[in-house]
Amino acid sequence: MVEIEIDGKKVEVQEGSMVMDAANKIGTYIPHFCYHKKLSIAANCRMCLVEVEKAPKALPACATPVTAGMIVRTASEKATTAQKSVMEFLLINHPLDCPICDQGGECQLQDLAVGYGKSSSRYEEEKRVVAPKDAGPLISMQEMSRCIQCTRCVRFGQEIAGVMEFGMVGRGEHSEITTFVGKTVNSELSGNMIDLCPVGALTSKPFRYSARTWELSRRKSVSPHDGLGANLVVQVKSGKVMRVLPLENNDVNECWLSDKDRFAYEGLNSDERLTKPMLKQDGKWQEVEWQTALEYVAHGLRNIRHEHGADAIAAVGTPYSTLEELSLLQKVARGLGSENIDFRLRQSDFALDGKVMPWLGMSINEFAQLDRTFIIGSFLRKDHPLLSARVRLGIKRGAKLSILHATDDDLLMPVANKMIVAPSAWLSALGQVAVAVAQAKSIAVPAGFENVEASAEAKQTAASLLSGESKAVLLGNAAAQHPQASQLHAVAQWIAQQTGAKFGYLTEAGNTVGGYWANALPAAGKGRNAQQIFAQPHKAYVLLNAEPELDSFDPQTAVAALKQAEMVVTLSAYKHGAEYSDVLLPIAPFTETSGTFVNCEGRAQSFNGTVRPMGDARPAWKVLRVLGNLLGLPGFDYDTSEAIRDEVLGTGEVAAANLAARLNNISDLQPQAVAQTADGALERIADVPIYFGDAVVRRAVSLQETVDGQAPQAWLSAALAAKLGIAAGDRVNLKQGQGAAALAAAIDPALPENVVRVAASHASTAALGAMFGSIVVEKA
């Protein structure tokens, strides 16, 4: 530690720190533009010049290392003269258009110009003008003349997002920030560049000219869109969500947001919102009052229970629902006598039920510090954008990443070891890693693996896991959805235990862990799981936030079962499912209700509604509470969502202890060797595209206009395309089960030869069958 003095105050900081860090520690503000605590030092704006005793001239605080006994003055005449001179230079070419600038009122340059700028400009020459550019549907670059070349956006792209989508061209006053020729910004983290821009050069296209910052009220919330549970500031005007920004929390999302979390709010204001309860009478939909709709539902469920037994009723939710909603959904189902309840609609193997409660296996901060990571079956960059950014930063420190997957997507970071094989070969490949670990440690291989030969990639992966200090073996969304998920779990668990690694899951949604905690799944040995609920058609279905044609492992089977049912009750924020539903009940999305999400690390995060529910929509927990009362079920006397949360989790320290005690990835399932069969049949691997994962995101217009929001294609390996005589752009017919789809073909040279990548969760592929399994491809 080194002691220095700033403006008469003594402060101790780590050797190697900069003067800016020391000033931040004691709360002394030094004006700056290019400095940002999460980015590298550029020292190119020069606004943070300070006086350092014995230095001949003012020095930049962001790039001046501390030395013992250093005396710094941030507000002396020498320092302020330097700062005012810099401000004059910055304003030479800056347009004087604050009244029409979208950044007005929240602009660093505006604020500092008041404190350090002159009342009039001495510059009389012509100002330079920078031509506007098209950066895509999310970022506006219409007024790049305002740019002060702080390069925050450039550094963010390179250091955090992992891709240089912005760069600087030209020199001196002709320098400007631009994208590559004709390219848009396609990073899944691009919106953070808007936050980082200290002027009005980069602004939000969806928010542009819709409100002034002083008109907005700010409310805290939590995102449900991926397993991280990013903390949000929801900005509201006239009862409508206008913008979403990150709420800084270093233990969760730091000061960043993924574009999915940031721009999904457009879906909340969609024209597709369901605002009145509706009943289908004689094939026609009619708007009714809540009392009528709920009495109709209660009467229908009672009749079905009476005529067909409680087992004829099934309830399904999604992990995007709150803890409270899922808790009451299972209480209604169990109150009626049914154990047929589940929220894991995209899962297909349930052998671990009753044995584990999947979670990350460590804190997010521990995850960020890993030296060696082995990730199995994850579209990491798109499924978990901010966790992926943490892995990327770890690799810059020297960490090593190994992956086992069916696709070789560009993760925008160096990957030390890759095993790219068909989904049916994942278990075999993982077995090879287990054998390589056993051989390297000179221990017995798991029973049944004696004749397995380890490939070179498996040996390198094993060696990597055995070499690190802090390491983890993690299963991604695709591994959890895999038909052999329990066996993948068993082998991965064995590898983790033998290498001293932590073991966990990169969970799918904001409340995946909470769904287990709410007990929204069948008890071990009783009831039916999500796959069985649709495979064996039931007489009545209650759907909570679920769009089974897009959210299911096998949408073909799900829709067929719903169409056969006597009664389908859909609780949704949107008008959908009209062809199979009998009742549509409008419920509030996460911004219009209070609730709790339990994220991947087991952190329970409660939030309140940010706006009133739209129209006659009501929070789902209130709807289910009233339904429970109408059905005459005990235990539905809740006044607040907090009362439900406290019943489920406990309160205060008890809740935290309860969560920690129940989180468990370790099962007693023994690894089993499976011989890989090379029958040559084509296999499907289905990703859930980043902007199609849940109901709200699917209706966010700007996200749907991005590259990631485009309609899915059928991705084939170069060898398979040549064999079938298919070129990129050709139409192909896909057949799976009883369904078919026609898509454009695309070529991915890195795909295994017998693998066809076809996205799930999209209307154009909803007629197909399971996310994994055999598929037929024919040239149209």
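Residues numbered from 1 in each chain as written. Predicted model: local features only at pLDDT ≥ 70, side-chain atom pairs only at ≥ 80, totals over all residues. Heavy atoms only, no water.

## Regarding the overall build of the chain
Cut-off, in case you're wondering: Counting from the N terminus, the helices are DSSP H or I runs at least four residues long and the strands are E runs at least two residues long. Radius of gyration means the value over C-alpha atoms here, while the globule rule gives 2.2 Å times the residue count to the 0.38 power. Each residue's exposure class comes from its accessible area (1.4 Å probe, protein chains only) as a fraction of the maximum for that residue type: buried when under 20%, exposed when over 50%, partly exposed otherwise. Only heavy atoms enter the contact rule, under which two residues are in contact if any of them lie within 4.5 Å. Areas reported here follow the Shrake-Rupley algorithm with a probe of radius 1.4 Å; residue values treat only the protein chains shown as occluding. Only four residue types enter the charge count, namely Lys and Arg as positive and Asp and Glu as negative; His and the chain termini do not. Where a charge lies is defined by one atom per residue type, namely NZ (Lys), CZ (Arg), CG (Asp) and CD (Glu).
Secondary structure summary: the chain contains 25 helices and 34 strands in total. Here the C-alpha atoms of the chain give a radius of gyration of 28 Å, agreeing with the 28 Å that 2.2 N^0.38 yields for 780 residues. Taken over the C-alpha atoms alone, the chain extends approximately 90 × 70 × 60 Å along its principal axes. Counting every position in the chain, which comprises 780 residues, the buried fraction comes to 61%. If you take every contact in the chain between residues at least 6 apart in sequence, the share linking residues at least 24 apart comes to 72%. Carbon and sulfur atoms make up 50% of the accessible area of the chain, which totals about 30,200 Å². Side-chain charges of the chain comprise 76 positive and 85 negative groups, with the mean position of each set lying 3 Å from the other.

## Quick notes on the sheet that holds strand β6 (residues 133-134)
Put simply, the rule reads: Being paired, for any two strands, means DSSP has found at least two bridges between them.
Sheet architecture is open: 3 strands sit in the order β6-β7-β10, paired in antiparallel fashion. Because the sheet does not close on itself, it has two edges, and the strands there are β6 and β10 (203-204). The sheet contact formed by strand β7 (residues 139-141) and β10 spans 2 bridges and is antiparallel. Residue pairing in the sheet places I139 in a bridge with S204 of β10.

## Re the UniProt feature "domain: 4Fe-4S His(Cys)3-ligated-type" (unreviewed entry) in the chain
Rules: UniProt positions are given in the numbering used here, feature names are shortened, and annotations may be inferred rather than shown by experiment.
With numbering aligned to this structure, UniProt lists the feature "domain: 4Fe-4S His(Cys)3-ligated-type" (unreviewed entry) at residues 78-117. Structurally, residues 78-117 comprises 57% helix and 0% strand, and the distance from its first C-alpha atom to its last is 16 Å.

## Structural notes on the pairing of strand β25 (residues 583-586)
On β25, burial covers both faces: V583 and L585 on one face and L584 and P586 on the other are all buried. Two elements, strand β24 (residues 567-572) and β25, share 4 bridges in a ladder whose sense is parallel. Residue pairing for β25: T570 is matched across the bridge by L584.

## Description of the side chain of Q605
Definition in use: Polar contact is defined as a pair of N or O atoms within 3.5 Å, subject to the rule that within protein one atom must be able to donate a hydrogen and the other to accept it, and that residues adjacent in sequence are counted only when both atoms are side-chain atoms.
By the secondary structure assignment, Q605 is in strand β27 (residues 604-607). Its relative accessible area of 9% is what places Q605 among the buried residues. At 2.9 Å, the side chain of Q605 forms a polar contact with the backbone oxygen of G229.

## Brief notes about the UniProt feature "domain: 4Fe-4S Mo/W bis-MGD-type" (unreviewed entry) in the chain
According to UniProt, the feature "domain: 4Fe-4S Mo/W bis-MGD-type" (unreviewed entry) maps to residues 216-272 in the numbering used here. Taken end to end, residues 216-272 is 9% helix and 35% strand, and its first and last C-alpha atoms sit 25 Å apart.

## Brief notes about the environment of K284
Along the polypeptide, K284 turns up in strand β15 (residues 284-287). For the pair K284 and D582, spaced 298 residues apart in sequence, the C-alpha separation works out to 9.9 Å.

## Some details on the state of the cysteines
Working definition of a disulfide: a covalent bond connecting the sulfur atoms of two cysteines. Stated formally: Throughout, disulfides are identified as pairs of cysteine sulfur atoms within 2.5 Å of each other.
Within the structure shown, the criterion is met by 0 disulfides. C197 provides the cysteine sulfur closest to C150, a residue in no disulfide bond, and the two sulfurs are 6.2 Å apart. For C150, a relative accessible area of 7% corresponds to the buried category. Between C255, a free cysteine, and C150, which holds the nearest cysteine sulfur, the sulfur-to-sulfur gap is 14 Å. Take C255: its relative accessible area is 13%, and that puts it in the buried class.

## Some thoughts on the environment of V130
Mapped onto the elements of the fold, V130 is located in the loop between α3 (108-116) and β6. Residues V130 and K331, spaced 201 residues apart in sequence, show a C-alpha to C-alpha distance of 61 Å.

## Some details on the packing of helix α8 (residues 323-335) against helix α21 (residues 641-649)
Which entries qualify depends on this criterion: Lines are fitted to the C-alpha atoms to define the axes, a helix being fitted only along its stretch in contact, and any angle between axes, read from their N-to-C directions, falls within 0 to 180 degrees. The scheme is simple: roughly parallel for angles under 35 degrees, roughly antiparallel for over 145, roughly perpendicular for 65 to 115, oblique for anything else. All amino acids are sorted into three groups, where Ala, Val, Leu, Ile, Met, Phe, Trp, Tyr, Cys and Pro are nonpolar, Asp, Glu, Lys and Arg are charged, and the leftover types, Gly among them, are polar.
Between α8 and α21, whose axes approach to 9 Å, the crossing angle comes to 75°. Classified by the angle between their axes, α8 and α21 sit roughly perpendicular to one another. Here L323, E324, S327, L328 and K331 of α8 lie close against α21, whose contacting residues are S641, I644, R645, E647, V648 and L649. Looking at the contact of α8 with α21 residue by residue, the class counts come to 5 nonpolar, 2 polar and 4 charged.

## A closer look at helix α2 (residues 77-91)
The criterion, for reference: Helix span, expected: 1.5 Å multiplied by one less than the number of residues in the helix. Of all possible arcs, the one meant is that of the directions from the helix axis to the C-beta atoms.
Here α2 spans 21 Å end to end across 15 residues, near enough to the 21 Å set by a 1.5 Å rise per residue. Considered for burial, the residues of α2 that qualify are A79, A82, Q83, V86, M87 and L90. Along the long axis of α2, the arc covered by the buried residues comes to 140°, so they all point the same way. Away from its buried face by more than 90 degrees, α2 exposes E77 and F89. The inward-facing, buried residues of α2 contact β3 (49-52), β5 (71-73) and α3.

## Comments concerning the environment of V697
Position of V697 among the secondary structure elements: in helix α23 (residues 695-698). In contact with V697, not counting residues within four places along its chain, are H225, K260, A264, I690, Y691, F692, L703 and Q704.

## As for the side chain of T213
Along the chain, T213 falls in the loop between β10 and β11 (217-222). A polar atom in the side chain of T213 sits 2.7 Å from the side chain of R218. Leaving out residues up to four positions away in the same chain, T213 has contacts with G104, G105, E106, R218 and R243.

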